Amino acid sequence: MKQKLSIIKIGGNVIENEGELNKFLDSFSAMAGPKILVHGGGKLATQIAEKLGIESKLVGGRRITDEEGLKVITMVYGGLANKNIVAQLQARGTNAIGLSGADGNTIRAVKRPVREIDYGFAGDVEEVNAEAIDKLLQAEFVPVFCAITHNKEGQLLNTNADTIASEVAIGMSGNYETTLYYCFEKKGVLLDVSDETTVVKHLEPKNYQELLEKKIIADGMLPKLENCFHALHKNVGKVCIGDLDMLNPKSTLFTTITL
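Residues numbered from 1 in each chain as written. Predicted model: local features only at pLDDT ≥ 70, side-chain atom pairs only at ≥ 80, totals over all residues. Heavy atoms only, no water.

Observations regarding empty space enclosed by the protein
Gaps between atoms show up when a probe of the same size as a water molecule is rolled over them. Across all of its chains, the model carries one cavity of 30 Å³ or more by this definition. Estimated volume of the largest cavity: approximately 80 Å³. In this structure, the largest cavity is lined by 13 residues; those nearest its centre are Glu55, Ser56, Arg63, Ile64 and Gly69. Elements that contribute at least two residues to the lining of the largest cavity include exactly helix H3 (42–51), strand S4 (62–64) and helix H4 (67–91). Looking at the lining of the largest cavity, its residues break down into six nonpolar, three polar and four charged. (1 Å grid on protein atoms, 1.4 Å probe; cavity = no way out; pocket = protein on both sides within 12 Å on 5 of 7 lines; lining within 4 Å. Points joined across faces, edges and corners; volume = space filled by probe spheres on them. Helix = DSSP H or I, 4+ residues; strand = E, 2+ residues; numbered from the N terminus. Nonpolar A, V, L, I, M, F, W, Y, C, P; charged D, E, K, R; others polar.)

Some words on the UniProt feature "site: Transition state stabilizer" (unreviewed entry) in the chain
Look at the UniProt record and you will see "site: Transition state stabilizer" (unreviewed entry) annotated at Lys9 and Lys224. Across 216 residues in sequence, these annotated residues keep their C-alpha atoms within 11.5 Å of one another, forming a single compact spot. Lining the largest pocket, out of the annotated residues just given, are Lys9 and Lys224. Mapped onto the elements, Lys9 comes out in strand S1 (residues 3–10). When near neighbours in sequence (up to four residues on either side) are disregarded, Lys9 contacts Val38, Ala161, Asp162, Ala165, Tyr181, Tyr182 and Cys183. A distance of 3.0 Å separates polar atoms of two side chains, one belonging to Lys9 and the other to Asp162. On the secondary structure map, Lys224 appears in helix H8 (residues 221–233). Not counting chain neighbours up to four residues away, the residues in contact with Lys224 comprise Asp162, Phe184 and Ile241. (UniProt positions renumbered as here; feature names shortened; annotations may be inferred. Contact = heavy atoms within 4.5 Å. Polar contact = N/O pair within 3.5 Å; in protein donor to acceptor, adjacent residues only side chain to side chain.)

Notes on the sheet that holds strand S2 (residues 35–39)
Here eight strands make up an open sheet; going across it, the order is S5-S8-S2-S1-S11-S13-S14-S12 and the pairing mixed. A strand with exactly one partner marks an edge of an open sheet, and here the two such strands are strand S5 (96–99) and strand S12 (202–203). Across eight bridges, S1 lies against strand S11 (residues 176–183) in parallel orientation. Across the sheet, residue Lys4 finds its bridge partner in S11, namely Glu177. Its contacts with the sheet place H4 against S1, S2, S5 and strand S8 (142–145), and it is angled at close to 175° to S5. The strands touched by helix H6 (residues 161–172) are S1, S2 and S11; relative to S11, the strand with the most contacts, the crossing angle is about 170°. (Pairing = 2+ DSSP bridges. Axes fitted to C-alpha atoms, helices over the stretch in contact; angles between N-to-C directions.)

Observations regarding the side chain of Thr94
Its place among the elements puts Thr94 in the loop between H4 and S5. For Thr94, a relative accessible area of 6% gives the class buried. Among the polar contacts made by the side chain of Thr94, one reaches the side chain of Ser29 at a distance of 3.1 Å. In this structure Thr94 touches Ser29, Leu89 and Val142, once residues within four positions along its chain are discounted. (Buried < 20%, exposed > 50% of the residue type's maximum accessible area, 1.4 Å probe, protein only.)

Quick word on helix H2 (residues 18–30)
In an α-helix, one turn spans 3.6 residues; hence positions three or four apart end up facing the same way. For H2, which comprises 13 residues, the first-to-last C-alpha distance of 18 Å matches the rise-based estimate of 18 Å (1.5 Å per residue) to within 8%. Of all the residues in H2, the buried ones are Leu21, Phe24, Leu25, Phe28 and Ser29. Around the axis of H2, the buried residues are gathered within 130° of arc, so they sit on the same side. Of the surrounding elements, those touching the buried residues of H2 are S1, helix H1 (12–15), S2, H4, S8 and S11. (Expected span 1.5 Å × (residues − 1). Arc of directions from axis to C-beta.)

Let's talk about the nonpolar core
Grouped together as the largest cluster of nonpolar side chains are 75 residues, with contacts concentrated most on Phe24, Ile36 and Leu225. For Phe24, the residues in contact, after removing those within four places along its chain, are Ile8, Ile10, Val14, Leu37, Cys183, Leu244 and Leu247. (Core = buried A, V, L, I, M, F, W, Y, C linked by side-chain atoms within 4.5 Å.)

Remarks on the pattern of salt bridges
Once the charged atoms of two side chains with opposite charge are near each other, the side chains can pair. Evaluation of the coordinates by the stated rule reveals 11 salt bridges. Among the salt bridges present, the one from Asp26 reaches Arg92, with a minimum N-O distance of 2.7 Å. Here the residue Asp26 occupies a position in helix H2, and Arg92 occupies one in the loop between H4 and S5, the gap between them amounting to 66 residues. Residue classification places Asp26 among the partly exposed positions, given a relative accessible area of 46%. Residues Glu127 and Arg108 are paired through a salt bridge, measuring 3.1 Å at the closest nitrogen-oxygen approach. Here the residue Glu127 occupies a position in strand S7 (residues 123–128), and Arg108 occupies one in strand S6 (residues 107–111), the gap between them amounting to 19 residues. Classification of Glu127 by relative accessible area gives partly exposed; the value is 44%. (Salt bridge = Lys/Arg side-chain N within 4 Å of Asp/Glu carboxyl O.)

Written out as structure tokens, the structure reads:
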């Protein structure tokens with residue numbers, strides 16, 4: 001029987017809010033068994049870029065990463081955000097190690113091809129080095145990945161953190177029974193966006209299709225759920241979506257997605 005592994009992704013809204021971040025790190029540290037944390041930090045990168053007089057370019061919510069922008073992202077994701085999380089986890093007795101995809105050649109990506117839009121130095125994941133990550137887990141380290149990968153030719157690439165989380169979960173599913181958690185600001189998939197009590201507690205392909213047809217699931221939730229089902233089709237055991245309370249063992253108000 002495979003050992004269980006939890007992969008948890010948190011967004012910039014948690015990283016920028018000290019109270020929320022502390023709450024999350026308390027819950028994360030308390031989670032039993034091997035675990036991996038993946039974090040974004042786009043809003044923080046935008047704030048720092050502004051202070052440096054560098055304009056952040058976004059198209060449809062996705063960042064255009066030019067050469068100057070990549071410098072800021074590397075500083076913020078790989079430095080400020082990542083090392084702060086690692087230090088805070090050490091304070092809680094969790095032996096974390098901060099990583100980009102370049103460290104240990106853990107996540108290799110390719111620069112996104114130019115189609116209608118040139119996203120610049122944006123990366124699409126090609127390979128997760130499960131063996132290298134497993135060595136860290138076996139040594140009882142807790143890997144903390146920022147949203148940066150590399151192309152193995154010396155180029156760093158800005159890569160969507162949701163995608164990194166799902167690809168790492170897929171990559172590790174050969175050795176572990178993997179559960180992927182997406183922590184964001186909502187309680188889960190909601191029937192009514194304005195009512196946090198209308199959580200769809202269990203989502204599977206049939207009722208997902210019904211919610212799509214009724215346009216209950218739309219906009220920003222679509223790519224997140226596409227990521228979830230992609231991971232499930234590639235042997236990830238289950239995916240959970242919800243707010244920070246989801247990591248509390250007594251919590252039931254979040255969405256679990258299975259096939």
